[in-house]
Amino acid sequence: MDFKIAVIKGDGIGPEIVDEALKTLNVIGKKFGHHFTYTEVLMGGCAIDKTGVPLPDETVKICKESDSVLLGAVGGPKWDTLPGHLRPEKGLLGIRSALGLYANLRPATLYAPLKDACMLKPETVQDGLDILIVRELTGGIYFGERGRSQGKNGEEAYDTERYSVKEIERIARVAFKAARARKGKLASVDKANVLESSRLWREVIHRLANEYPDVECRDILVDNAAMQLVRDPAQFDVLLTSNMFGDILSDEASMITGSIGMLPSASLGEGRLGLYEPTHGSAPDIAGQGKANPIATIISAGMMLRYAFDLQKEANAIDEAVLSVLKKGFRTPDIAGVGGESKLLSTVEMGEAVRAEL
Ligand code: NAD
């Protein structure tokens, strides 16, 4: 099959790590008979330098015309003193909103060979971890009515958590489908013992669960979810959350895995067009030195195959190649020494090692 991918390399280590992901996609294409066409577009600091704005209209247009978007990272000290509307990060928020991306998928994977990097007791993460957090991204308290007023005790402030059935349904469907493509287990996080918005959330989830009988669905209160993530994280497969609960729980889950260069993410909207990127930033401290770990970006490209193009075998091949490389002791400097003796590799060499496994 043919797929058109818009590529935003961005700033700092962005170009180095994205190049390794593209070369990996090419190997997948050859092996499984697909053709990927890449159109490179500007966003972030490099876009500011060339066009004066962080998100040129041309970039939005090309992304919308593509089947999917692969992003490295944007930003860096060079642009830190610019006014807010001209900062590289504005490009990031702008592209998410222009593409209507309402679902954020963040896997927290602790590969067994890297379990020493985990902050939990070894026996808690014996076989590694593989959790996917599906977070609602464009609704809830971060977007609800807010304000300040004078109350009987002086100044007050409020923020409003508001979710419509439609918003809950569309994010829940993303989570049910993701669970179906994984181990078939979904935990829906809420605070239904206190919040009305959570009671509506729960009602909608229970109704939808009837449409996905192959997915084992349960509710979990957010305070319990936070506790269980450190007590027994391996019990989770897919965790579905509102915007704010997901903000907090996804950081907690990623900290458990201990390594920022390994964590991918996907932001999805209607249709198959989505944005796939590592969760880390542009790492200006190591840019251009061949020290960046390309694995988060390579796995992000794998998520694109899985969620945008429904190429499960191909995505599994990437995940298995990464695991194999780690088992052999290959490490970039950020994970050097984790899990015993390592063979230290540069960014390009790590990309090559993954491709050699394919
Ligand atoms: P960062 O994630 O870029 O770096 C934090 C630390 O992790 C650094 O020591 C860095 O060297 C290391 N690191 C990050 N990715 C790595 C990788 N792949 N391999 C090895 N080590 C890696 O966060 P920061 O330093 O706070 O931010 C740097 C810039 O990135 C800022 O301009 C920030 O705004 C931007 N940023 C962009 C995004 C994005 O584009 N999605 C996200 C976060 C931060």
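Quick caveat, the model's predicted, so the values are computed rather than measured.

Participant: Where do I start with the domain arrangement of the chain in this structure?
Facilitator: When the parts of a complex come together, some accessible area is lost, and that lost area is often taken as the interface size. Structurally, the chain comprises domain 1 (1-114 + 260-358) and domain 2 (119-256). If you look at the interface, domain 1 gives 17 residues, while domain 2 gives 23 residues. Note on domain 1 versus domain 2: buried area summed over both sides is about 1,700 Å², and carbon and sulfur give 60% of it. Considering only the side of domain 1, the residues that lose the most area to domain 2 are Tyr102, Arg106 and Leu110, jointly responsible for 41% of the buried surface there. Linking domain 1 to domain 2 there are 2 salt bridges. Salt-bridge contacts for Arg106 lead to Asp251; the nearest nitrogen and oxygen are separated by 3.3 Å. Our enumeration of links across domain 1 and domain 2 arrives at 7 residue pairs in polar contact (both at pLDDT 80 or more). If you tally residues by element for the side of domain 1 that touches domain 2, the top one is strand E4 (residues 103-110), at 8 residues.

Participant: Would you explain the site of the ligand in this entry?
Facilitator: With respect to spatial proximity, 20 residues lie near the ligand, and among them Glu89, Gly281, Ala283, Asp285 and Asn293 are the closest. A distance of 3.3 Å is found between a nitrogen atom of the ligand and a side-chain nitrogen or oxygen belonging to Glu277. Ala283 is positioned with one of its backbone polar atoms (N or O) 2.8 Å from an oxygen atom of the ligand. With the chains in place, 69% of the 810 Å² that the ligand exposes on its own is no longer accessible. Grouping the amino acids of the shell around the ligand by side-chain chemistry returns 9 nonpolar, 7 polar and 4 charged.

Participant: Just to check I follow, could you spell out the packing of aromatic side chains for this structure?
Facilitator: With the rule as written, the count across this model stands at 5 aromatic pairs. Ring centres of Phe3 and Phe36 lie 5.8 Å apart, and the angle between their planes is 25°; on these two criteria the pair is classed as stacked. Of this pair, Phe3 sits in strand E1 (residues 2-10) while Phe36 sits in strand E2 (residues 35-40), placing them 33 residues apart in sequence. Phe36 shares its class with Phe3; the two are buried.

Participant: Which parts of the structure should I look at to understand empty space enclosed by the protein?
Facilitator: Once rolled over the atoms, a probe with the size of a water molecule shows which space is left empty. Within the structure shown, the criterion is met by 2 cavities of 30 Å³ or more. Estimated volume of the largest cavity: approximately 60 Å³. Along its surface, the largest cavity is lined by Glu161, Tyr163, Val189, Asp190, Leu195, Ser197, Ser198, Trp201, Ser242 and Phe245. Residue assignment for the lining of the largest cavity shows that the elements contributing at least two residues are strand E8 (185-190) and helix H6 (196-209). If you add up the space inside the second largest cavity, you get close to 50 Å³. Only E4 and helix H8 (243-257) provide two or more residues apiece to the lining of the second largest cavity. Its residues assigned to classes, the lining of the second largest cavity comprises 6 nonpolar, 3 polar and 1 charged.

Participant: Could you clarify how one ought to interpret the pairing of E8 in this entry?
Facilitator: Side chains on a regular strand alternate between the two faces of the sheet. In terms of residue burial, E8 counts as a mostly covered element, since 5 of its 6 residues are buried. When E8 meets strand E9 (residues 216-221), the two strands line up parallel, connected through 6 bridges. From the neighbouring strand, Asp190 faces E9, where its bridge partner is Leu221. With H6 bridging E8 and the parallel E9, this β-α-β connection has right-handed handedness.

Participant: Sorry if this is basic, but what is going on with the pairing of E4 here?
Facilitator: Extensive coverage of E4 is indicated by the burial of 8 of its 8 residues. Note: E4 against strand E5 (residues 129-136), 8 bridges, orientation antiparallel. Considered in E5, the bridge of Ala103 is made with Glu136. Note that E4 and strand E11 (residues 264-268) share 3 bridges and pair antiparallel.

Participant: In this structure, what is going on with the packing of helix H9 (residues 295-308) against helix H10 (residues 312-327)? I would like to understand it.
Facilitator: The relative placement of two packed helices comes down to the angle between their axes together with the axis-to-axis distance. Packing of H9 against H10 leaves a shortest axis separation of 7 Å and a crossing angle of 160°. Accordingly, the angle class assigned to the pair H9 and H10 is roughly antiparallel. The handedness of the crossing between H9 and H10 is left-handed. Within the contact between the two elements, H9 uses Ile295, Ile298, Ile299, Gly302, Leu305 and Arg306 and H10 uses Gln312, Glu314, Ala315, Asn316, Ile318, Asp319, Val322 and Leu326.

Participant: Before we go on, may I ask you to explain unusual backbone geometry in this structure?
Facilitator: Peptide bonds are trans in most cases, and residues, glycine excluded, mostly fall at negative phi. Residue Ala283 is not a glycine yet carries a positive backbone phi of 40°. Even without a glycine there, the phi angle at Asp310 is positive, about 55°. Secondary-structure assignment places Asp310 in the loop between H9 and H10.

Participant: In this structure, what is going on with H10? I would like to understand it.
Facilitator: Since the α-helix turns once every 3.6 residues, residues separated by three or four places project in the same direction. Helix length check: H10, at 16 residues, gives a terminal C-alpha distance of 22 Å against a target of 22 Å (1.5 Å per residue), a fit within 8%. Where H10 is concerned, the buried positions are Glu314, Ala315, Ala317, Ile318, Ala321, Val322, Val325 and Leu326. The inward-facing, buried residues of H10 abut helix H1 (14-32), H9, strand E13 (330-331) and helix H11 (347-357). Note on H10: the residue one or two positions beyond its end, Gly329, has a positive phi of about 90°.

The rules behind the values
Residues numbered from 1 in each chain as written. Predicted model: local features only at pLDDT ≥ 70, side-chain atom pairs only at ≥ 80, totals over all residues. Heavy atoms only, no water. Domains from an automatic or database assignment. Contact = heavy atoms within 4.5 Å. Buried area = accessible area lost by both parts, 1.4 Å probe. Salt bridge = Lys/Arg side-chain N within 4 Å of Asp/Glu carboxyl O. Polar contact = N/O pair within 3.5 Å; in protein donor to acceptor, adjacent residues only side chain to side chain. Helix = DSSP H or I, 4+ residues; strand = E, 2+ residues; numbered from the N terminus. Near = heavy atom within 4 Å. Areas by Shrake-Rupley, 256 points an atom, 1.4 Å probe, with all protein chains shown as cover. Nonpolar A, V, L, I, M, F, W, Y, C, P; charged D, E, K, R; others polar. Phe/Tyr/Trp six-rings, centres within 6.5 Å; stacked < 30°, edge-to-face > 60°. Buried < 20%, exposed > 50% of the residue type's maximum accessible area, 1.4 Å probe, protein only. 1 Å grid on protein atoms, 1.4 Å probe; cavity = no way out; pocket = protein on both sides within 12 Å on 5 of 7 lines; lining within 4 Å. Points joined across faces, edges and corners; volume = space filled by probe spheres on them. Pairing = 2+ DSSP bridges. Right-handed = clockwise from strand over helix to strand, strands pointing away. Axes fitted to C-alpha atoms, helices over the stretch in contact; angles between N-to-C directions. Parallel < 35°, antiparallel > 145°, perpendicular 65-115°, else oblique. Left-handed = near helix turned anticlockwise from the far one by under 90°. Expected span 1.5 Å × (residues − 1).

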